[in-house]
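Residue-level structural notes
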Amino acid sequence: MHGPHILIVGSGSVGRRHARNLATLGCRISCVDPRADRRAELSSEVPTVAGHPHVSEALATHHDLTGVVIGSPPVFHVDQATEALQRGIPVLLEKPISPELQGAVRLERLTETGLAPLLLGYTWRWWEPLRKARDLIEANTIGTLRHVRMVISAHLADWHPWERYQDFFMSSKALGGGALLDESHWIDVMLWLFGRPSWVHADVAKLGQLEIDVDDNVDMSVGYRNGLRVALHLDILGRPHEKTITFLGDHGTLIWRENPNRISVSTETAPGWKDKDFCCERNDMFLAVAREFLDVCARRTSPTCTASDGRRVLEIIEAARTSSSEGRRVSLEGVQLE
Ligand SMILES: NC(=O)c1ccc[n+]([C@@H]2O[C@H](COP(=O)([O-])OP(=O)(O)OC[C@H]3O[C@@H](n4cnc5c(N)ncnc54)[C@H](O)[C@@H]3O)[C@@H](O)[C@H]2O)c1
């Protein structure tokens, strides 16, 4: 008997990664990409059952699919996920769920009809050091939180060294690129850690000289009803790259960093920094997502990151866009979010 049959839609960077991981976990892989060279590249890394230029053709051809993984540019996410779900096939959808709130709401409603489960790939939720940071904060290690500063910075030209950044979907508004949408991981992490905020004040801008028609810099100030403030900075301009979250509490400070892979804690009773280093690698979080997806496909578990989580992120994105274009704080109070 064969292993699960997974269709990878979008055979680019993340699609190939999911294909490699799922093949390691015993899956048979088919793939979709309009580009023949991308299909060939994926097939050179993992044995494939078949490759197709279009998702509709692939879905009509294979009647034994266990699941569909969607790693195409964001503008295609909602329609491709809809096509798979309507055939009753579970979906692992890469983030963001859609470039626009409307699409996210549409897909959320479809998942609520129970056709098939959808797992959303806000993969940093599966990153062990961030989970540990969350546990430490919940255990009151640094007391009541007052301020959180998130700094996420990585120069776009470094992301895909094998192609011109100008040709990458990230450079294109029409395909769903830009810092706000693509780095929405960190909006998701904020919601995962603290829940729904009361207001958002944002500046979404193009500051640098990259040849792109999307935003490259986002500064967001977010307020919570309990007084907590989050300052979120996202850019695709910075070198060296940085991912840091600094949590300030009444009794101390906790800093999570991606590089070095570490959590540092300083408290009033134990001043100075106490470091905890981690040895996990970036692919580990994708492997964890792949394992969860196979459990979701087998109906052994329900998705821990859902279309509703993706819609909540899009709500913050829409509020940030409004705030930035109108130059005002946007209240989320009274807005039906849940
Ligand atoms: N969870 C994560 O940490 C993570 C990491 C990387 C990328 N992503 C997400 O995955 C998606 C893809 O990113 P990427 O870096 O792999 O981009 P990519 O450009 O490397 O890959 C996208 C692929 O989709 C193909 N494609 C274009 N139109 C298509 C269509 N209509 N149907 C199927 N395929 C199509 C492109 O030819 C390309 O090969 C984005 O939404 C991105 O945000 C998530």
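Residues numbered from 1 in each chain as written. Predicted model: local features only at pLDDT ≥ 70, side-chain atom pairs only at ≥ 80, totals over all residues.

Details of the site of the ligand
Close to the ligand lie 25 residues; G10, G12, S13, V14 and E94 are nearest. Of all the elements, helix α1 (residues 13-24) adds the most residues to the shell around the ligand, at three residues. Mapped onto the domain boundaries, the shell around the ligand takes at least three residues apiece from domain 1 (5-124 + 285-305) and domain 2 (128-278 + 315-331). (Near = placed C-beta within 6 Å. Helix = DSSP H or I, 4+ residues; strand = E, 2+ residues; numbered from the N terminus. Domains from an automatic or database assignment.)

Side note on unusual backbone geometry
Looking along the chain, the bond that leaves K95 and enters P96 is cis, with omega of -20 degrees. Relative to the assigned elements, P96 resides in the loop between β5 (91-94) and α5 (101-112). P240 follows R239 through a cis peptide bond whose omega is -10 degrees. Mapped onto the fold, P240 is located in the loop between β10 (229-235) and β11 (242-249). With phi around 70 degrees, N140 is a residue other than glycine that occupies positive phi space. Tracing the chain through its elements places N140 in the loop between α6 (128-138) and β7 (145-153). Located in the positive-phi region is R299, a residue other than glycine, with phi close to 60 degrees. With respect to the secondary-structure elements, R299 resides in the loop between α9 (282-297) and α10 (307-326).

Some words on the domain arrangement of the protein chain
Domain boundaries assigned for the protein chain yield domain 1 (5-124 + 285-305) and domain 2 (128-278 + 315-331). The C-alpha-based centres of domain 1 and domain 2 are spaced at 26 Å. Taken together, the contact between domain 1 and domain 2 spans ten residues of the former and 13 residues of the latter. Residues belonging to the side of domain 1 that touches domain 2 are distributed by class as follows: eight nonpolar, one polar and one charged. (Contact = placed C-beta atoms within 7 Å. Nonpolar A, V, L, I, M, F, W, Y, C, P; charged D, E, K, R; others polar.)

Some remarks on the nonpolar core
For soluble globular proteins, the rule of thumb is that nonpolar side chains tend to be buried together. Core analysis: the largest hydrophobic core is formed by 83 residues, its most contacted members being I8, V68, A81, V91 and A320. Among the elements that take part in this core, α10 stands out by supplying seven residues, more than any other. When neighbours within four sequence positions are excluded, A81 is seen to be in contact with I70, V91, L93, L107 and L118. (Core = buried A, V, L, I, M, F, W, Y, C linked by C-beta atoms within 7 Å. Buried ≥ 20, exposed ≤ 12 C-beta atoms within 10 Å, placed from the backbone.)

Regarding the sheet that holds β5
Read from one edge of the open sheet, six strands run β3-β2-β1-β4-β5-β6, paired in parallel fashion. Edge positions in the open sheet fall to β3 (48-52) and β6 (118-121), since each of these has one partner strand only. Going from strand to strand, the sheet's axes swing by 15 degrees on average, the running direction of each strand aside. In this sheet, β3 lies alongside strand β2 (residues 28-32) in parallel orientation, the contact comprising three bridges. Bridge pairing in β3 links C31 to G51. Contacts from helix α2 (residues 36-45) reach β1 (5-9), β2 and β3, with the element oriented near 170 degrees to β3. (Pairing = 2+ DSSP bridges. Axes fitted to C-alpha atoms, helices over the stretch in contact; angles between N-to-C directions.)

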